[in-house]
Amino acid sequence: MRMTLGEKIRQRRRQLHLTQEALAGESITRILISRIESGDVNPSLETLKYLAARLGVPAGYLLTEEDDLLQFLLPKIKEELRDKYRTGDDTGVFALCEQYDLHDEETCLILCECAVRLGRRAYERGATAEASDWFDRALSFAEATSYHTEFVLGEAVLCKAMLAEMTGDHPAVYLDSYAETLGRAVNLDRYLLLRFFSDMENGTAGGGQSWHEAVPIGNPLYRDLRQIWLNEAQGDIEGAKAALSELLRGENAKMLEGDPLLLYRCIAKMEQLSAVTDDYKSAYMYAGKRQQLERRYRIHTEPNTDAVSVSE
């Protein structure tokens, strides 16, 4: 639909429930607003910028004939959406998306993670029905985007499995639904291991026994790695060191070569265990390997934490 500049100003003013006098403010007159809206006069550039700012729209929108305000506002809306996501305002994210009917792939990815976070909060306060609904919504958002959602959805499935424990259902139904929704095999084992590492680093692994039991790790290598970390936590430092040293040889080492993040964790753990047991020669060797991996894969560690990430 094509609209004149005056028609656009009138339409936007009414959308904001402003009178001509309120829109005019102290810089111009109500009469000038009336004449601009009726098409009798064209505003100066300064007046146009003033009106655009008062109406909350880009000046370029007022100058075009097309009535597609959303396209002009979209960059600003998307930035607001990302800000709400980064600050954890998950309900605000959903409200903004509903207000502007946003459903592109990036938005669905953000909605997927926000739904998981809202589901976890509902689960933690005992609202199991609400939590289950949020996790189901997360799966539907994942289906609508081609972005990588494995880690986010791993969390959703994990929580669904915990809900299954409470309701007496079997968690396998959720795992099958997860794989079917994404239309591909899901490396849930790897997610479970990374989640376990995260819980160990945050000191919350002890409270996570239920989900370990609900969704056991099937991959033998990942099971062994989890056991090594548990052995260390239980004080068996020498046993953990020997088991990890053995694991880093042969076929397991080849498998880890294809997963820089897990390989890095193993090498860094061997450096740590060697230093604790006064095996400084090995600690020095593994420190060198760790630094090589950091350079090769651009691995970053967060200050004062064990959290690591791999740059693309």
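Going by the structure above, here's the rest.
Residues numbered from 1 in each chain as written. Predicted model: local features only at pLDDT ≥ 70, side-chain atom pairs only at ≥ 80, totals over all residues. Heavy atoms only, no water.

A. Local environment of the overall build of the chain. Within the chain, the regular secondary structure consists of 18 helices and 2 strands. Counting the 312 residues in the chain, one finds 42% classified as buried. At a minimum sequence separation of 6, the contacts of the chain that also span at least 24 residues come to 59%. For the chain, the exposed surface amounts to about 17000 Å²; the carbon and sulfur share of it is 50%. (Helix = DSSP H or I, 4+ residues; strand = E, 2+ residues; numbered from the N terminus. Buried < 20%, exposed > 50% of the residue type's maximum accessible area, 1.4 Å probe, protein only. Contact = heavy atoms within 4.5 Å. Areas by Shrake-Rupley, 256 points an atom, 1.4 Å probe, with all protein chains shown as cover.)

B. Looking closely at the side chain of Q20. As for its position among the elements, Q20 is in helix α2 (residues 20–24). Overall, the relative accessible area of 17% leaves Q20 in the buried class. A polar side-chain atom of Q20 sits 3.2 Å from a polar atom in the side chain of R30. Look past the residues within four positions of Q20 in its chain and what remains in contact with it is R13, R30, I33, S34 and E37. (Polar contact = N/O pair within 3.5 Å; in protein donor to acceptor, adjacent residues only side chain to side chain.)

C. Just helix α18 (residues 280–297), in detail. Along its 18 residues, α18 runs 25 Å from first to last C-alpha, staying within 8% of the 26 Å computed at 1.5 Å per residue. All of the buried residues along α18 are S282, A283, Y286, A287, R290, L293 and Y297. The buried residues of α18 all sit within an arc of 135° when viewed along its axis, so they share a single face. Facing away from the buried side of α18 by more than 90 degrees, the exposed set consists of Y280, K281, Y284, R295 and R296. (Expected span 1.5 Å × (residues − 1). Arc of directions from axis to C-beta.)

D. Quick peek at the state of the cysteines. Counted under the stated rule, the structure contains 0 disulfides. C108 carries a free sulfur, and the closest cysteine sulfur to it, the one in C97, is 8.3 Å from it. Here C114 stays unpaired: no disulfide links it, and the sulfur of C97, its closest cysteine neighbor, is 8.0 Å away. Judged by its relative accessible area of 0%, C114 falls in the buried class. (Disulfide = S-S within 2.5 Å.)

E. Looking closely at the packing of helix α8 (residues 105–124) against helix α9 (residues 128–143). At a closest axis distance of 8 Å, the pairing of α8 and α9 adopts a crossing angle of 165°. Of the possible angle classes, the one that applies to α8 and α9 is roughly antiparallel. Between α8 and α9 lies a crossing whose hand is left-handed. Of α9, the residues touching α8 (which contributes C108, L111, C112, A115, V116, L118, G119, R120, A122 and Y123) are E130, A131, W134, F135, A138, F141 and A142. Grouping the constituent residues of the contact of α8 with α9 by class yields 14 nonpolar, 1 polar and 2 charged. (Axes fitted to C-alpha atoms, helices over the stretch in contact; angles between N-to-C directions. Parallel < 35°, antiparallel > 145°, perpendicular 65-115°, else oblique. Left-handed = near helix turned anticlockwise from the far one by under 90°. Nonpolar A, V, L, I, M, F, W, Y, C, P; charged D, E, K, R; others polar.)

F. Spatial organisation of the packing of aromatic side chains. Counted according to the given criterion, the structure contains 4 aromatic pairs. Arranged with centres 6.3 Å apart and planes meeting at 50°, the rings of F196 and F197 form a pair that is tilted. On the basis of relative accessible area, F196 is assigned to the buried category, the value being 2%. Among the aromatic side chains, those forming a connected cluster through ring pairs are F94, W134 and F141. (Phe/Tyr/Trp six-rings, centres within 6.5 Å; stacked < 30°, edge-to-face > 60°.)

Shape is all these values report; function is a separate question.
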